[in-house]
Amino acid sequence: MRRAMGGGAKLLIDVARRNGTDQDPIVRQGLAQLYTWGELGRFNGLRLKAAKAAGTDIPGMPNISKLSMSHIMRLSRDLGMQIAGAAGMLHAYHHKDRASLESAIGDPAINFITELALLAQAPPIYGGTDQIQRNIIGERVLGLPKEPNNDRTTAFADLPKNA
Amino acid sequence: MTDTATNESTEAVFEELDGWLDDNWDPELTVRQWWERMGLAGWSAPNLPTNAYGRGLPRNDAVRVAQAIDRFGALPAPGGLGLLLAAPTIATHGTQEQIDRYVRDIVTGAQSWCQLFSEPSAGSDLAGLQTRAVRDGDEWIVNGQKVWTSNGQKADLGMLMARTDPDVPKHQGITYFAFSMVQPGVEVRPLTEMTGRALFNEVFLTDARVADAAIIGGLNQGWAVANTTLANERAGLGSGVGVRRPVWPSPAPWVVTSTVGPGTSYPRRRGKGRGPVGRVPVPVLPPTVIPTMSRPCVGPWAAAPSS
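Bear in mind the structure is a predicted one, so any value in this text is a computation, not a measurement.

What counts and how
Residues numbered from 1 in each chain as written. Chains lettered and ligands numbered in written order. Predicted model: local features only at pLDDT ≥ 70, side-chain atom pairs only at ≥ 80, totals over all residues. Heavy atoms only, no water. Salt bridge = Lys/Arg side-chain N within 4 Å of Asp/Glu carboxyl O. Helix = DSSP H or I, 4+ residues; strand = E, 2+ residues; numbered from the N terminus. Buried < 20%, exposed > 50% of the residue type's maximum accessible area, 1.4 Å probe, protein only. Polar contact = N/O pair within 3.5 Å; in protein donor to acceptor, adjacent residues only side chain to side chain. Phe/Tyr/Trp six-rings, centres within 6.5 Å; stacked < 30°, edge-to-face > 60°. Lys NZ or Arg CZ within 6 Å of the ring centre and 35° of its normal. Patch = residues over 30% accessible without salt bridge, like charges linked within 9 Å, V, L, I, M, F, W, Y side chains within 5 Å. Areas by Shrake-Rupley, 256 points an atom, 1.4 Å probe, with all protein chains shown as cover. Core = buried A, V, L, I, M, F, W, Y, C linked by side-chain atoms within 4.5 Å. Domains from an automatic or database assignment. pLDDT = per-residue confidence, 0-100. Contact = heavy atoms within 4.5 Å.

**Q** Teacher, can you tell me more about the pattern of salt bridges here?
**A** Residues and elements named next belong to chain A. One pass over the full model with this rule turns up 18 salt bridges over all chains. One salt bridge connects Arg74 with Asp130, and the closest N-O pair in it is separated by 3.1 Å. Pair noted here: Arg74 is in helix 3 (residues 61-84) and Asp130 is in helix 6 (residues 130-141), with a separation of 56 residues, a long-range link. By relative accessible area, which is 4% here, Asp130 ends up buried.

**Q** Before we go on, may I ask you to explain the side chain of B:Ser112 in this structure?
**A** Residues and elements named next belong to chain B. Inspection of the secondary structure puts Ser112 in the loop between helix 5 (96-107) and strand 1 (113-116). Accessibility expressed as a relative area gives 3% for Ser112, which makes it buried. Side-chain polar atoms of Ser112 contact the backbone oxygen of Lys154, separated by 3.4 Å.

**Q** Explain the packing of aromatic side chains here, please?
**A** Each aromatic ring pair is characterised by the separation of its centres together with the angle its planes make. Considering all chains together, one arrives at 7 aromatic pairs over all chains under this definition. Aromatic pair B:Trp20 and B:Trp34: ring centres 5.5 Å apart, planes at 40 degrees, arrangement tilted. Of this pair, B:Trp20 sits in helix 1 (residues 3-24) while B:Trp34 sits in helix 2 (residues 31-40), and the two are 14 residues apart along the sequence. Like B:Trp34, B:Trp20 is buried. With a centroid separation of 5.8 Å and 85 degrees between ring planes, the pair formed by B:Trp148 and B:Phe200 is classed as edge-to-face. Residue B:Trp148 is found in the loop between strand 3 (139-147) and strand 4 (157-163), and its partner B:Phe200 is found in strand 7 (residues 200-211); the two are separated by 52 residues along the sequence. Each residue in the set B:Trp20, B:Trp25, B:Trp34 and B:Trp43 is aromatic and connected to the rest through ring pairs, giving one cluster. The cationic tip of A:Arg42 hangs over the ring face of A:Phe43; the distance from NZ or CZ to the ring centre is 5.0 Å.

**Q** Is there a simple way to think about unusual backbone geometry in this case?
**A** Trans is the prevailing form of peptide bonds, just as negative phi is the prevailing case for residues other than glycine. Residue and element names in this part refer to chain B. Of note, the phi angle at Tyr53 is positive, near 65 degrees, even though the residue is not glycine. Looking at the secondary structure, you find Tyr53 in the loop between helix 2 and helix 3 (59-72). The class of Tyr53 is buried, set by a relative accessible area of 17%. With a phi angle near 60 degrees, Trp148 is a residue other than glycine that sits in the positive phi range.

**Q** Please explain a nonpolar patch on the surface as it appears in this structure.
**A** Residue and element names in this part refer to chain A. Taken together, the side chains of Val141, Leu142 and Leu144 present a nonpolar region at the surface, about 280 Å² in accessible area. Note that Val141 resides in helix 6. Classification of Val141 by relative accessible area gives partly exposed; the value is 37%.

**Q** In this structure, what is going on with the nonpolar core? I would like to understand it.
**A** One broad trend across soluble globular proteins is that nonpolar side chains are buried collectively. In terms of nonpolar packing, the biggest core is built from 72 residues, with B:Trp34, B:Val103, B:Trp113, B:Met161 and B:Phe179 touching the most fellow members. A per-element tally of this core places helix 4 (residues 81-93) of chain B first, with 8 residues. Lining this core are residues from two domains, each supplying at least three of them: domain 1 (13-110 + 236-269 + 281-303) and domain 2 (113-223) of chain B. A:Leu75, A:Ile83, A:Leu101 and A:Ile105 belong to the second largest nonpolar core, which has 20 residues in total.

**Q** Is there a simple way to explain the confidence of the model for chain A in this structure?
**A** For any part of a model where pLDDT is low, the fine detail of the predicted coordinates should not be relied upon. Looking at chain A, pLDDT values average 87 and 94% of them are 70 or higher. Counting contacts from residues 1-7 of chain A, a segment whose pLDDT is below 50, to residues more than four positions away or on other chains yields 15 contacts.

Okay, structure coming up:
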């Protein structure tokens, strides 16, 4: 995953260089941001590895990583669409259509950018939403009080439920 | 034990592996035959304890074993959630009988697993799950709905968390079952995303059955058992084990599966010894996309154990 974060920036940088959008100051700024977030993720990964090797831990790091990943995906989506331009609106919904789309667009990497942009909505939701991650970071890292709750003392049958 | 002693014993393991590969790897074997050899020799999941078809190696060394096998040019171990999650969970909480029944088929790639944890209203609050299991003689009858089930359409078995006692607080009434996905009462529906792909499934359980003997870790002890699964999910994430690149061309190559038919031959990608002799065209998504699409990557945050 850490490699993927850096790799995400590299993919976009390569496409931007190929289609000239790397000369756009807004795009350059976005690429620098994406690269920085990727590097932050990498360094945090190294920090965690070092902490684990020393027998300790960094509280909340999985939650921080998850939040970062969501942010990186959103950033990649917006930046990717800026770089891809109109071609980014095309997508091969089936694998077999990919080759013809690639030849039409002329840059296979744009396919991936579109795929990434479509997928970018998912990470902030799945695996614990961004809001849930912030709750956990608030409680376990910052030491804020837990939300009031009786669900550890009440029988499950008596708890309010959805559906 | 000193560091030196650890290193020496570790090096002995890698020497043994080299010799074993020389003696055992044969591209003429079917995948099933190869995985049977590999799994029973303890090389599929060397991080598992020795009574669970492993070698009790630390995870870092287990990763090095996988890398060494890859470098040698032999077909890698079966992947999937069975090896990554079910096997270490059963090795920790299961009886020896359960280890022999389930883990053996995992390390030899004979059966694949999926994870039946999340529900439409129990994701971040996993302990709020509502799938019910009600005792019926020496079986349990299961009703409920699971969601975000990777590999659900292909799995032989599922790691099922179900509520077995609703009259106690939520963490205390959950049981962990080794649940057969191949039975009436199990309906798997793909969830098509706006990318056009269906990586996840919904699983509907209607009067499905599971034996009392398939309870892992004891009745109403499921929360602790699930935390072992989730801890392995986290560890697997860090090591790359279980989220490795696909080794087998399949309709959905980014979903790592672990089951092959008894007669399946592996396309001769590599010869005996080192170096590729041919390439199998395996369509893969770019590495930038695969991790975010992998359920194993997000599970750790789905149900962080409460402190």
